[in-house]
4 protein chains.
Amino acid sequence: MPVKVLFVGDIVGRPGRKAINKFLPGLIKELSPDFVIGNAENAAGGYGLTEAVALELFNAGFDLLTSGNHIWRREFLPYLAKAERVLRPANYPAGAVGKGYAILEKNGLKLGVINLEGRVFMRHLECPFRVGLALAENLREKTPYILVDFHAEATSEKLALGWYLDGKVSAVIGTHTHVQTGDERIFPNGTAYLTDVGMTGIRDGVIGMRQDQAIEMFLTQIPRKLEVPKTGPKKLEAVYLEIEDTGKTSLIKRLRVED
Amino acid sequence: MPVKVLFVGDIVGRPGRKAINKFLPGLIKELSPDFVIGNAENAAGGYGLTEAVALELFNAGFDLLTSGNHIWRREFLPYLAKAERVLRPANYPAGAVGKGYAILEKNGLKLGVINLEGRVFMRHLECPFRVGLALAENLREKTPYILVDFHAEATSEKLALGWYLDGKVSAVIGTHTHVQTGDERIFPNGTAYLTDVGMTGIRDGVIGMRQDQAIEMFLTQIPRKLEVPKTGPKKLEAVYLEIEDTGKTSLIKRLRVED
Amino acid sequence: MPVKVLFVGDIVGRPGRKAINKFLPGLIKELSPDFVIGNAENAAGGYGLTEAVALELFNAGFDLLTSGNHIWRREFLPYLAKAERVLRPANYPAGAVGKGYAILEKNGLKLGVINLEGRVFMRHLECPFRVGLALAENLREKTPYILVDFHAEATSEKLALGWYLDGKVSAVIGTHTHVQTGDERIFPNGTAYLTDVGMTGIRDGVIGMRQDQAIEMFLTQIPRKLEVPKTGPKKLEAVYLEIEDTGKTSLIKRLRVED
Amino acid sequence: MPVKVLFVGDIVGRPGRKAINKFLPGLIKELSPDFVIGNAENAAGGYGLTEAVALELFNAGFDLLTSGNHIWRREFLPYLAKAERVLRPANYPAGAVGKGYAILEKNGLKLGVINLEGRVFMRHLECPFRVGLALAENLREKTPYILVDFHAEATSEKLALGWYLDGKVSAVIGTHTHVQTGDERIFPNGTAYLTDVGMTGIRDGVIGMRQDQAIEMFLTQIPRKLEVPKTGPKKLEAVYLEIEDTGKTSLIKRLRVED
Ligand SMILES: [Fe+2]
Ligand SMILES: [Fe+2]
Ligand SMILES: [Fe+2]
Ligand SMILES: [Fe+2]
Ligand SMILES: [Fe+2]
Ligand SMILES: [Fe+2]
Ligand SMILES: [Fe+2]
Ligand SMILES: [Fe+2]
């Protein structure tokens, strides 16, 4: 019996949480995953997370929340410091609040999860290749089932990390661009790979935010905080994995459910 | 009868051209497109184009070649200056060699093609939104069938342009990231949209280049010119469109053919 | 009699305004400039400007305030829209609130001032070279005395613009890096040039902001809004120009006054 | 008797070496420095270094050459691997060819030199703050005289490192922007600081390269390899330091000699 994992792409604001409440139960019923994980870096108002929103997501069925560059809201840090089930990317410098990996246990199964952040067009973090490999080797002593959420912008960096960790982890799943890619596959040594799993929230926005404000920003070049649309059709994007007891993934399937 | 267009993603080096020779004839036979277009910015050795490579691609069945940031090889400029069927992005400053749009004519049909380049994480070009809209309105006086190749990095900029041009052109198809996205759709006003069509070339590389060299570059942070692998399985990624005589697209279909 | 201009570097927060109140009167007394101009993009709390702060600066003796990338505070836009004596960079796209150049008149003298923003490592604005040259040619029909505030990051872009406008304007003075450079000179065709005039505010901070917070940000890679220190020694950095009636500058002198 | 150090800013191409040959002997005669150091990352044709050029510079009087982002020419790596007196930035990842610090010995005096590279707008290297501090503490066990060449773009990162290392090293001298800043000072704990020492080479170019080509590149946005001008007036920019036996610097003086 493979370990079944459902991983949901960046949940953006209130519409994202509504999409979770609407679509996640059906997916869970259909797939009966052993573990449900989601990237929650945009879950609170489109930017970061709050304790209340994290609890709302755990209630909705998530076992663990991963994140990325948007997680560092000041007021969230006390909760992040003690949270057992919220990750921030593992390759922030030593001393960063929170933790970058976890081992989930359920029904006698252990799933290791590693959260990493890319550097191309992003911040000057520790090398995600070295940190990722070291954590993978460490976690493998405890479980063969290991999922990596690689939160990154550039396709080249994501693919390179996927190949680099092929055979070392069960899956490398990209987040951050909010657009689901169609390149899911299983690499020769058993690692499932997908450049980006996509997002969960407003379907007709610009990566989950207001279309009009995004267009205005590109036209004027004046920076602004984009808002999450209040209404509109929603979607949930995710990936479903079946991982064998060798740690190799035998099935990777992209999912999209929408209004 | 709709106008049928086949648009092929970034052709990378010799393996890309081999993939064209191997897979394109079958696609043409199967789909009998009225127009065959491909992005050739990486067709010569992974970086740019040469006259010989352009002619090879025309012989293989392309009616028009679009491009992007990598087109500006010095030795190619004389050919680019006079080429009728090679585009460079239209939003380079006035005075740039070459041209950024064209109207193809075949079997009494006219297809307008506009090539644009994004600015996020890229160069400081003219605004692709304004240039794109102006060209679209101009071309619409001559034909309702208009395809935009938006060569850009950021998903936000691509989606924003897609929405901005919805109803103004028949399709906005992204290139440059070399990873095919799975978000093809037709927007409410009839514009087909796909964030990225993907690439044509080596299947198991890092966006068409050598895996080992890409990984080494990320690990060492020492810049290097990546090479195209000499051998290995290949793939062709493309998108197929059917555009009605209103200029609205009725069908968008992603394609991937591989060894 | 040359036209005498005093141009003060980026005024940062309350300490910057205190430095103005403390040091500017002495400079004015000593140099009796015809025109006093300052870059005020950081004058309100380190980020942007407010109407109250602008008025405070006019009262302190400024004839005109220039700015840069930080000017776009939402609540300031109504004032910027009507302000006669506050500039934002001229090379924002058409339709931007405010204006990018002005002609000051005093004692029968006219001084043209053009504000431009660089693009390297910054935003995707209109070409500062083309916009700058066009405005210079336009203003020259009204006065030979023209000052350019080029708010930019990269030394290469600043020097290139300086050379490009040599003989077209009286001076190209850089702002934005908050560190005064020591390369003041008069180019062969009479244009005075200085890569950066420096800043006005806290002397022992990191470009005017809190040392501890800046260091923390570099160490942790977690973004944060830096604050202006409440106390500490202050400095005023500026440049003084004497422009002949040919429009050529005959004297450029860097100034620094500090506690 | 203080230790006297002369540090020369980025030497750019053949004109840079000519400026060395012309101006360095006079400076050495005038100042009789104990140690002469120069940044040579652009010494060969404007990009990188070669063994022949390194030897030419040693012959001209340099005791040690530092460098920066441009040092990684493939053909230079074998020499860099064994060179005793050429540094590359110390904060490249473990395994990088060459070394990032050295202790020079002359006349019974020891000078520690650390080369670091910034990350803002540059590469994803190890943290220059942590690497710099660790090396400083290490070298201090051997000598109180320690010079840091911080090769970086952003003034904020340079100032922050200067303050961070105040009291830990004798001097933090910036390189890379090729424009000498006018902010030399001695920080409260004895560390001399200068944001950028400037460059050595063609005086009337754009940071040492051809004016016309730089302007063309900004106007067209088409990337090109800039060339070093063949002729024209030259300059040498440098900084002179006197370091007491406490390791504190008592004198910092900017220098510029030009045709
Ligand atoms: Fe996100
Ligand atoms: Fe993100
Ligand atoms: Fe490409
Ligand atoms: Fe490209
Ligand atoms: Fe500023
Ligand atoms: Fe600024
Ligand atoms: Fe340099
Ligand atoms: Fe450099």
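Reading the values: rules and limits
- Residues numbered from 1 in each chain as written.
- Chains lettered and ligands numbered in written order.
- Predicted model: local features only at pLDDT ≥ 70, side-chain atom pairs only at ≥ 80, totals over all residues.
- Heavy atoms only, no water.
- Least-squares fit on C-alpha atoms with pLDDT ≥ 70 in both.
- Contact = heavy atoms within 4.5 Å.
- Pairing = 2+ DSSP bridges.
- Helix = DSSP H or I, 4+ residues; strand = E, 2+ residues; numbered from the N terminus.
- Axes fitted to C-alpha atoms, helices over the stretch in contact; angles between N-to-C directions.
- Donors = N, O, S within 2.8 Å, 3.2 Å for Na, K, Ca; no water.
- Tetrahedral: all angles 85-135°; square planar, octahedral: opposite > 155°, others 65-115°.
- Buried < 20%, exposed > 50% of the residue type's maximum accessible area, 1.4 Å probe, protein only.
- UniProt positions renumbered as here; feature names shortened; annotations may be inferred.

- An unreviewed UniProt entry annotates chain A as Metallophosphoesterase originating from Thermodesulfatator autotrophicus.

**Looking at the relation of the copies chain B and chain D**
Line of reasoning, step 1. Once chain B is rotated about the relating axis by 180° and shifted along it by 0.0 Å, it coincides with chain D to within an RMSD of 0.0 Å. The superposition operator between the copies reduces to a two-fold rotation axis. In terms of C-alpha distance to the rotation axis, chain B has Phe121(B) as its closest residue, with the C-alpha 5.8 Å off the axis.
Line of reasoning, step 2. The fraction of interface residues of chain B whose copies in chain D are also interface residues reaches 100%, indicating that both copies meet through the same surface.

**Some words on the sheet that holds strand S9 (residues 185-186) of chain B**
All names here are of chain B.
Line of reasoning, step 1. Read from one edge of the open sheet, 6 strands run S5-S6-S7-S8-S10-S9, paired in mixed fashion. Because the sheet does not close on itself, it has two edges, and the strands there are strand S5 (101-106) and S9.
Line of reasoning, step 2. Along the sheet face, helix H4 (residues 128-140) touches S5, strand S6 (109-117) and strand S7 (146-151) and points at about 170° away from the line of S6.
Line of reasoning, step 3. Along the sheet, helix H5 (residues 155-164) makes contact with S6, S7, strand S8 (171-175), S9 and strand S10 (192-194), crossing S8 at roughly 165°.

**Regarding the coordination of the iron ion (ligand 1)**
Residue and element names in this part refer to chain A.
Line of reasoning, step 1. Coordination sphere of the iron ion (ligand 1), protein contribution only: Asp 10 (OD), Glu 41 (OE), Asn 42 (OD1) and His 178 (NE2), at 2.1 to 2.2 Å.
Line of reasoning, step 2. One can describe the site at the iron ion (ligand 1) as irregular: its 4 donor atoms subtend angles covering 89 to 164° at the metal.
Line of reasoning, step 3. Counting along the primary sequence, the residues that act as donors to the iron ion (ligand 1) give the motif D-x30-E-N-x135-H.
Line of reasoning, step 4. A separation of 3.4 Å is found between the iron ion (ligand 1) and the iron ion (ligand 2), both of which receive a donor from Glu 41.
Line of reasoning, step 5. By relative accessible area, which is 2% here, Asn 42 ends up buried.

**Quick word on the UniProt feature "active site" (unreviewed entry) in chain A**
Residues and elements named next belong to chain A.
Line of reasoning, step 1. In this structure's numbering, the residues bearing the UniProt feature "active site" (unreviewed entry) are His 70.
Line of reasoning, step 2. For His 70, a relative accessible area of 31% gives the class partly exposed.
Line of reasoning, step 3. The contact partners of His 70, leaving out residues within four places of it in the chain, are Glu 41, Asn 42, Tyr 47 and Gly 48.

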